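If you want the building blocks of each chain, they are given just below.
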Amino acid sequence: AALRTAPARPPALPAAPGGAPVPTVLQDLDYSLSLPQSVDYDRELARLQARLAQLTRHDKFRKLPLVLVFEGQDAAGKGGAIRRITHALDARQFHALPIGAPNQYEQAFPYLWRFWQNLPLPGAIAIFDRSWYGRVLVERVEKLCTPAEWRRAYGEINEFESLLRDNGALVLKFWLAVSKEKQLERFHEREQSPFKSFKITPEDWRNREKWDDYLDAANEMFEHTSTDACLWHIFPADDKRYARIKVLQTIVDALEHAMKLRTAP
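Procedures and definitions
Residues numbered from 1 in each chain as written. Predicted model: local features only at pLDDT ≥ 70, side-chain atom pairs only at ≥ 80, totals over all residues. Heavy atoms only, no water. 1 Å grid on protein atoms, 1.4 Å probe; cavity = no way out; pocket = protein on both sides within 12 Å on 5 of 7 lines; lining within 4 Å. Points joined across faces, edges and corners; volume = space filled by probe spheres on them. Helix = DSSP H or I, 4+ residues; strand = E, 2+ residues; numbered from the N terminus. Nonpolar A, V, L, I, M, F, W, Y, C, P; charged D, E, K, R; others polar. Pairing = 2+ DSSP bridges. Axes fitted to C-alpha atoms, helices over the stretch in contact; angles between N-to-C directions. Buried < 20%, exposed > 50% of the residue type's maximum accessible area, 1.4 Å probe, protein only. Parallel < 35°, antiparallel > 145°, perpendicular 65-115°, else oblique. Left-handed = near helix turned anticlockwise from the far one by under 90°. Contact = heavy atoms within 4.5 Å. Salt bridge = Lys/Arg side-chain N within 4 Å of Asp/Glu carboxyl O.

A. Representation of empty space enclosed by the protein in the model. On inspection of all chains with the given rule, the structure shows one cavity of 30 Å³ or more. Each pocket or cavity is described by its volume, and for the largest cavity that value is around 30 Å³. For the lining of the largest cavity, the element with the highest residue contribution is helix 9 (residues 240-258), accounting for three residues. By residue class, the composition of the lining of the largest cavity is five nonpolar, one polar and two charged.

Given below as structure tokens:
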């Protein structure tokens, strides 16, 4: 399918008929979704991990660079989903990259430069825990870049991902969405856990105070960067097991399609 490239300065989102607000994405998710009772989580997880292991060890995978992008609210379960993926992989095949603020050296280069440095070779996998979308999310909301810079980034990002696809890469983008109530519950759980307390920081609480601003930024991001060639896969993650299975199934399906393979009956 042809890529829908966003303009450098995208127009305002169009109004819905009758002057009603444009339907948003994250607010409309069904956060109550969970695995059907007929699905055994452990068994389904093992099945998908086994299939992922088979696919990434197949001869055809040697020609395919795989890029996995994870975004979402704090405490949405991105780390847990990534761990379920990497448990199925050969450690020599993948590189998991937690993305934070650029350092002084990286700031001396164009915005996307540091991401170019970490792209995978054919037969390898790059997993981005946060990504180049920081420019239109945290940098936008926290005013760490100018409005002209984050508006221009929509087009830059679409061109970047289009180049990856044209060069043979499979790019899969995931947004794990958590409700505001579930996030608060998980924040308190982290504070009380000796094993997870390091995962809750004052920055997490500051981000929560700007919940609506981040929601608006994310919804506009989906509008401008979910293209025919590189869709966003948006999954509610109040039930972490549901989200993990959806992520793994999406990766397996995409690999089978890209490699023109089908699961054996």
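Picking up after the structure, the text goes on.
B. Summary view of the sheet that holds strand 3 (residues 125-129). Read across the sheet, five strands follow the order 2-3-1-4-5 without closing on themselves; strand pairing throughout is parallel. Two strands in the sheet have a free side with no partner beyond their single neighbour: strand 2 (94-98) and strand 5 (232-236). On average, each strand axis in the sheet is inclined to that of its neighbour by 20 degrees, with strand direction left out of account. Note that strand 1 (residues 66-72) and strand 4 (residues 170-177) share seven bridges and pair parallel. Bridge pairing in strand 4 links valine 69 to lysine 173.

C. Looking closely at unusual backbone geometry. Even without a glycine there, the phi angle at alanine 75 is positive, about 70 degrees. Counting through the fold element by element, alanine 75 comes out in the loop between strand 1 and helix 2 (78-86). A positive phi angle, close to 60 degrees, is found at lysine 143, a residue other than glycine. Locating lysine 143 in the fold gives a position in the loop between helix 4 (138-141) and helix 5 (147-166). In this structure lysine 143 comes out as exposed when scored by relative accessible area, which is 70%.

D. Summary view of the layout of surface pockets. Estimated volume of the second largest pocket: approximately 340 Å³. Considering the residues around the second largest pocket, the lining is formed by 17 residues, among which Arg165, Leu170, Ala229, Ala254 and His257 are closest to the centre. Secondary structure elements with two or more residues in the lining of the second largest pocket: strand 4 and helix 9. Considered class by class, the residues forming the lining of the second largest pocket number 10 nonpolar, three polar and four charged.

E. Highlighting the packing of helix 2 against helix 9. At a minimum axis separation of 9 Å, helix 2 and helix 9 run at an interaxial angle of 45 degrees. With respect to their mutual orientation, helix 2 and helix 9 come out oblique. For helix 2 against helix 9, the interelement crossing comes out right-handed. Contacts between helix 2 and helix 9 involve Gly80, Ala81, Arg84 and Ile85 from the first element and Arg244, Val247, Leu248 and Ile251 from the second. When the residues that make up the contact of helix 2 with helix 9 are grouped by side-chain class, the tally is five nonpolar, one polar and two charged.

F. Geometry of the pattern of salt bridges. Under the defined criterion, the tally for this structure stands at 13 salt bridges. Here arginine 62 and aspartate 59 are joined by a salt bridge, their closest N and O atoms 3.4 Å apart. Assigned by exposure class, arginine 62 and aspartate 59 land together as exposed. Salt-bridge contacts for lysine 182 lead to glutamate 185; the nearest nitrogen and oxygen are separated by 3.3 Å. Taken together, the residues lysine 182 and glutamate 185, both in helix 6 (residues 180-192) and three residues apart, mark about one turn of the helix. Exposure remark for lysine 182: the relative accessible area of 21% places this residue in the partly exposed category. A relative accessible area of 37% places glutamate 185 in the partly exposed class. Linked by salt bridges that have partners in common, Glu71, Asp74 and Arg130 make up one network.

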